Amino acid sequence: MTRDATLGAILDAAAAGRFPPPDGDTTVVPQPSPRDAGVIAFTAHSVVFTDEDPDWVRSTLAAVDCDALAATMHPRFLGALLDRTGRATDTVDLLTVADPLPGGPALELREIADPDHPRVRRARRRRSDVRVWAADGGVLVLGRGVADRWEVAVEVDEAVRHRGLGRDLARAARHLVPDGEPVWSQQAAGNARSIRAFQAAGFRPVGSEALLLAPHPEPAVV
């Protein structure tokens with residue numbers, strides 16, 4: 001398989017603004033790791049990353065009674081894929097990405113080094129190389145997720161909401177991401193507050209994503 005046919009290459013291109021052709025087709029590629037499987041829907045083109053038989057994927061999609069452009073994110077297809085793989089999922093997310101920023105973040109942060117911190121333990125199910133920073137009223141998590149991409153998640157205490165902290169934490173991640181790489185994030189489609197915060201921090205939407213979680217994932221190395 002060529003590099004251009006891997007999920008990593010597809011994501012690299014999308015981060016640079018080069019998307020799969022809007023031809024209504026579905027690309028099936030192998031999982032980038034035993035941990036990561038799922039579906040990403042770009043504009044009029046989807047990518048299914050799984051080690052299941054590509055012929056099964058295509059025949060199952062063809063049997064879904066809906067607009068062909070919506071089939072990969074249809075509950076019937078996702079349910080069939082979950083049943084076949086024995087995996088679980090939480091939700092379909094908006095997938096967003098931002099370019100790195102130079103220098104250090106303006107927000108005052110303190111790193112949490114404790115690997116048993118609850119937020120660290122939760123993040124390790126989906127990411128490796130996890131690092132966590134705390135600010136007054138919030139938490140920022142950075143780690144390597146799908147196809148080894150850098151991903152960020154933030155949490156804001158209810159008592160300090162509506163003050164721009166979510167936006168500031170998301171923007172801080174653009175300064176903290178190593179190696180000058182883009183940083184990715186997922187927001188649940190119904191979480192309008194989170195979507196607004198990330199877009200205000202310069203994250204741009206590239207598609208939707210459904211991750212399939214292994215039932216008993218091996219702990220990643222921090």
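Scroll up to find the structure this text is about.
Residues numbered from 1 in each chain as written. Predicted model: local features only at pLDDT ≥ 70, side-chain atom pairs only at ≥ 80, totals over all residues. Heavy atoms only, no water.

Digging into the overall build of the protein chain
Piece 1. For the protein chain, the count of helices and strands is six helices and 10 strands.
Piece 2. Taken over the C-alpha trace, the protein chain has a radius of gyration of 18 Å; the compact-globule value for 222 residues is 17 Å, and the two agree within 12%.
Piece 3. Taken over the C-alpha atoms alone, the protein chain extends approximately 50 × 35 × 35 Å along its principal axes.
Piece 4. Total accessible area on the protein chain stands at roughly 11000 Å², and carbon and sulfur atoms take up 50% of it.
Piece 5. Measuring between centres, the 26 positive side-chain charges of the protein chain sit 5 Å from its 31 negative side-chain charges. (Helix = DSSP H or I, 4+ residues; strand = E, 2+ residues; numbered from the N terminus. Rg over C-alpha atoms; globule rule 2.2 N^0.38 Å. Areas by Shrake-Rupley, 256 points an atom, 1.4 Å probe, with all protein chains shown as cover. Lys, Arg positive; Asp, Glu negative; His and termini not counted. Charge placed at Lys NZ, Arg CZ, Asp CG, Glu CD.)

Notes on the pairing of strand β8 (residues 150-156)
Piece 1. With five of seven residues buried, β8 is to be regarded as a mostly interior element.
Piece 2. In this sheet, β8 lies alongside strand β7 (residues 138-144) in antiparallel orientation, the contact comprising seven bridges. Bridge pairing links Gly143 to Glu151 in β8.
Piece 3. Once β7 ends, the chain turns through five residues before running back antiparallel as β8, passing Ala147 with a positive phi of about 55°.
Piece 4. The sheet contact formed by β8 and strand β9 (residues 183-188) spans two bridges and is parallel. Counterpart to Trp150 in the pairing with β9 is Val183.
Piece 5. A crossover links β8 with its parallel partner β9, the connecting element being helix α5 (residues 165-176), and its sense is right-handed. (Buried < 20%, exposed > 50% of the residue type's maximum accessible area, 1.4 Å probe, protein only. Pairing = 2+ DSSP bridges. Right-handed = clockwise from strand over helix to strand, strands pointing away.)

Quick notes on the sheet that holds β9
Piece 1. In space, the 10 strands of this open sheet follow the order β1-β3-β2-β10-β4-β9-β8-β7-β6-β5, with mixed pairing throughout. Both edges of this open sheet fall to β1 (26-29) and β5 (110-112), since each of them pairs with a single strand only. On average, adjacent strands in this sheet sit at an angle of 30° to one another, irrespective of strand direction.
Piece 2. Pairing analysis gives six bridges linking strand β6 (residues 128-135) to β7, with the strands arranged antiparallel. Residue pairing for β7: Ala134 is matched across the bridge by Val139. (Axes fitted to C-alpha atoms, helices over the stretch in contact; angles between N-to-C directions.)

A look at helix α3 (residues 75-85)
Piece 1. By the burial criterion, the buried members of α3 are Phe77, Leu78, Leu81 and Leu82. The buried residues of α3 all sit within an arc of 135° when viewed along its axis, so they share a single face. Of the exposed residues in α3, the ones pointing more than 90 degrees away from its buried face are Pro75, Arg76 and Asp83.
Piece 2. On the buried face of α3, the contacting elements are β2 (37-42), β3 (45-49), α2 (54-62), β4 (92-98) and β10 (204-212).
Piece 3. With its phi angle positive at about 70°, Gly86 sits one or two positions after the end of α3. (Arc of directions from axis to C-beta. Contact = heavy atoms within 4.5 Å.)

Points about the environment of Arg171
Piece 1. In this structure, Arg171 sits in helix α5.
Piece 2. Excluding residues that lie within four positions of it along the chain, Arg171 makes contacts with Leu101 and Ala201.

Thoughts on the nonpolar core
Piece 1. By size, the foremost hydrophobic cluster in this structure holds 20 residues, and its most contacted members are Leu140, Leu142, Val152, Leu169, Val183 and Phe203.
Piece 2. Elements that contribute at least two residues to this core include exactly β6, β7, β8 and α5.
Piece 3. If you tally residues by element for this core, the top one is α5, at six residues.
Piece 4. Non-local contacts of Val183, meaning those with residues more than four positions away in its chain, are made with Thr96, Val97, Ala98, Leu142, Trp150, Glu151, Val152, Arg174, Val177 and Phe203.
Piece 5. In this structure, Val64, Ala71, Met73 and Leu81 belong to the second largest nonpolar core, which totals 17 residues. (Core = buried A, V, L, I, M, F, W, Y, C linked by side-chain atoms within 4.5 Å.)

A short note on empty space enclosed by the protein
Piece 1. One pass over the structure, following the stated rule, counts one cavity of 30 Å³ or more.
Piece 2. The computed volume of the largest cavity comes to approximately 90 Å³.
Piece 3. Along the wall of the largest cavity there are 11 residues; nearest its centre are Arg35, Asp36, Arg125, Arg126 and Leu213.
Piece 4. Of the residues that constitute the lining of the largest cavity, the class distribution is seven nonpolar, no polar and four charged. (1 Å grid on protein atoms, 1.4 Å probe; cavity = no way out; pocket = protein on both sides within 12 Å on 5 of 7 lines; lining within 4 Å. Points joined across faces, edges and corners; volume = space filled by probe spheres on them. Nonpolar A, V, L, I, M, F, W, Y, C, P; charged D, E, K, R; others polar.)

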